[in-house]
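Geometric and topological summary
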Amino acid sequence: MDAKGKASVLRPLVVAAIVLLALSIPMDAQQAWAADGQAPQVRKRWQDFISGADGATRLASLQAAVQKMKSLNNSPPGSADYRRSWQYWANIHGYYGAASPDGTVEAQIQYLQNNGLGSDVSYYQGITDQSAPDATAQAIWATCQHSSNTQALNFFGWHRMYLYYFERVLRWAAGDDTLRLPYWDYTDPNQVALPAEFQDSTSTLYDALRSPDMNSGASTLDPNSTNVDALLGQSDYFSFESQIEEGIHGYVHCTVGPTCPVAHMGDVPVAGNDPIFYSHHANIDRLWACWQNQQAVPAGSWQDLQFSFVDETGTMQTQPVKNFLDSTALGYVYDNVSNCARSQTTLVASMTRTAQATPTGGEKKMTVLATTASIPIKQPQTTVDINVPESKRQELLAQPEGAAMTELVLSDVTAESPPGVLFDIYIAKKDAPGVRKLAGTISWFGAFRHHDRTGPYKKTLRFDVSNQLRELGAANTSDLTVTIEATLGRVPAHPSLAAEMQAKAANAFRSQAGVQIDAIELHQVTASPSP
Ligand SMILES: [Cu+2]
């Protein structure tokens, strides 16, 4: 399909998205949510937030707000000040304590000791059990929504609400109505290091309970793991949401935290204590806004679900998710929601692909191209063959460029306990193993002991590998391999240390975790022909 053809496929989608978005926001909701009738302010990327004529002022305002909230941690329980404290806001996401669904600090330490992560117990120094002082705290603490618990599909909604009310408290604490959360845009390969202001041990933005080499700048996030170009074109909203959550979101948590489930960022009940949490989630919220800028969210009961928070006066606020779909009505816009991919070519290709593979109101056709037997992960690196049989291969080749989506599906990934590492999933041609493409990263944020959930982790993960296969020239080959490789998630700022870091990851891998993948499959998803 030529460029003109692609544009004609996209245009109706974009128009439909704009119309639906406009219809979905009644005027009264807009008025109710306009922040004091002020024009929305911009949530900026971190590097812009701190630069320019007003950069120093903005940074000082943010730091003053965080400092002020932290100073309220010991306010009388039940007071409005306590509800504006840093600890209170971290507790809304999750907390440890006798009445918490996440259990006590002691139980977490015991869990780490029993599961080969005893050396990470030091990260719990200074973390204490919390107790909800009143009915409001009992109602709203530890209510973060992740699809790994039973109330699925409100990951985006709950976290947008959380940031909205948190930001109101920040403005109150700074005495600055213009303050908006900056976001850490690690999808930009030039921004994968933890921003310097968060590395500064004298700053209120610093947190000692992070991976030491992220905190020193010796390592950064892996730019391959933070590439969401193909995902931004995903037309199925719930697939998009869960792939963002399981993918880049969990990856950043487990990589900034020393690993999962270890404090702060790597462990759900305490993640909100780290100031970088809020700039991480602002970026996740922006990626949702990027998607909304192109497509309309689907109707459904998920929009009616209500969640409760407190505002800057300490008053409980209960609202449905549907009041939070339009950020302008909430008093903020992002500086960039229309140009979110690294490569617009890739974005257009994947939008065309998923638009065709998931036609509105139509059926999509899924063909299993290849499947494996179950794969126990007993080594830091496991490679399996995935052979597309001759008959199916012709079907794959027959597809016009960009018309079908090929997904690598890891079905029923299970683990008995934390493996101590993340896993990179690579795909390669069997006859050219040296050229491999990253399909995605398995992280374990919230996978173990989250909100009372017990029993082994079990999840099916999907990665759109259409671009990777095209880059590999996979059409010319019969056999592919998939490699599951232990990683710490981080890459050394100095490339000469890469081998050393790989060895560290191999060392940290726990075969006792019993990681198992029930099957790896290659799926082709296309629109089914009209009857
Ligand atoms: Cu998170």
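Residues numbered from 1 in each chain as written. Predicted model: local features only at pLDDT ≥ 70, side-chain atom pairs only at ≥ 80, totals over all residues. Heavy atoms only, no water.

Remarks on the coordination of the copper ion
For a metal bound by four donors in a tetrahedral arrangement, the ideal donor-metal-donor angle is 109.5 degrees, while six donors in an octahedral arrangement ideally sit at 90 or 180 degrees. The condition is simple: Here a donor is any nitrogen, oxygen or sulfur atom (N, O, S) within 2.8 Å of the metal, with 3.2 Å used for Na, K and Ca; water is not among the atoms considered, so some sites may look incomplete. Only DSSP runs of H or I with at least four residues qualify as helices, and only runs of E with at least two residues qualify as strands; both kinds are numbered from the N terminus onward. Buried means the residue's accessible area, taken with a 1.4 Å probe over protein chains only, is under 20% of the maximum for its type, while exposed means over 50%, and partly exposed covers the values in between.
Protein ligation of the copper ion involves H249 (NE2), H253 (NE2) and H281 (NE2), the donor distances falling in the range 2.0 to 2.1 Å. In primary-sequence terms, the residues that donate to the copper ion follow H-x3-H-x27-H. Remark: H281 occurs in helix α14 (residues 276-292) and H253 occurs in helix α13 (residues 237-256); sequence separation between them is 28 residues. There is no split in this pair, since H253 and H281 are both buried.

A word on the environment of W291
As a reminder of what qualifies: Here, two residues are considered to be in contact whenever any of their heavy atoms come within 4.5 Å of each other.
One can find W291 in helix α14. By relative accessible area, W291 is classed as buried at 0%. In this structure, the C-alpha to C-alpha distance between W291 and Q234, residues 57 residues apart in sequence, is 8.6 Å. If we skip the residues at most four places from it in the chain, W291 touches L232, Q234, S235, D236, Y237, F240, A296 and V297.

Quick look at the layout of surface pockets
We apply this condition: A 1.4 Å probe that fits but cannot get out identifies a cavity on a 1 Å grid over protein atoms alone, an open set with protein on both sides within 12 Å along at least five of seven lines counts as a pocket, and a residue lines either if it has an atom within 4 Å of a point. Grid points are joined across faces, edges and corners, and a volume is the space filled by probe spheres set on the points. Residue classes follow a fixed rule: Ala, Val, Leu, Ile, Met, Phe, Trp, Tyr, Cys and Pro count as nonpolar, while Asp, Glu, Lys and Arg count as charged, and any other residue, Gly among them, counts as polar.
In this structure, the largest pocket encloses a volume near 910 Å³. What lines the largest pocket is a set of 35 residues, among which N227, L438, A439, G440 and Q468 lie closest to the centre. Only α12 (229-232), α13, β11 (436-442), β12 (457-464) and α17 (466-472) provide two or more residues apiece to the lining of the largest pocket. Partitioned by chemical class, the residues of the lining of the largest pocket number eleven nonpolar, 14 polar and ten charged.

Looking at the nonpolar core
Defined as follows: Joining through side-chain atoms within 4.5 Å is the link that ties buried Ala, Val, Leu, Ile, Met, Phe, Trp, Tyr and Cys residues into a set, and such a set is a nonpolar core.
If you look at the biggest cluster of nonpolar residues, it comprises 124 residues, and the most contacted ones within it are W89, L408, L410, F423, I425, W444 and I520. Ranked by residue count, the leading element in this core is helix α9 (residues 155-174), at twelve residues. The residues touching F423, leaving out its near neighbours within four places in the chain, are I377, G440, T441, I442, W444, I484, E485, A486, T487, F509 and V515.

Description of the sheet that holds strand β8 (residues 381-387)
As a reminder, the rule being used: For two strands to be treated as a pair, DSSP must find no fewer than two bridges joining them. All axes here are fitted lines through C-alpha atoms, helices being fitted over the stretch that makes contact, and every angle between N-to-C directions spans 0 to 180 degrees.
Ordered in space as β8-β13-β10-β11, the four strands form an open sheet in which the pairing is antiparallel. Each edge of the sheet is formed by a strand with only one pairing partner; in this case those strands are β8 and β11. Looking at each pair of strands side by side, their axes are set apart by 25° on average, direction ignored. Relative to strand β13 (residues 479-487), strand β10 (residues 422-429) is paired through eight bridges, and the arrangement is antiparallel. Bridging across to β13, A428 finds its partner in T481.

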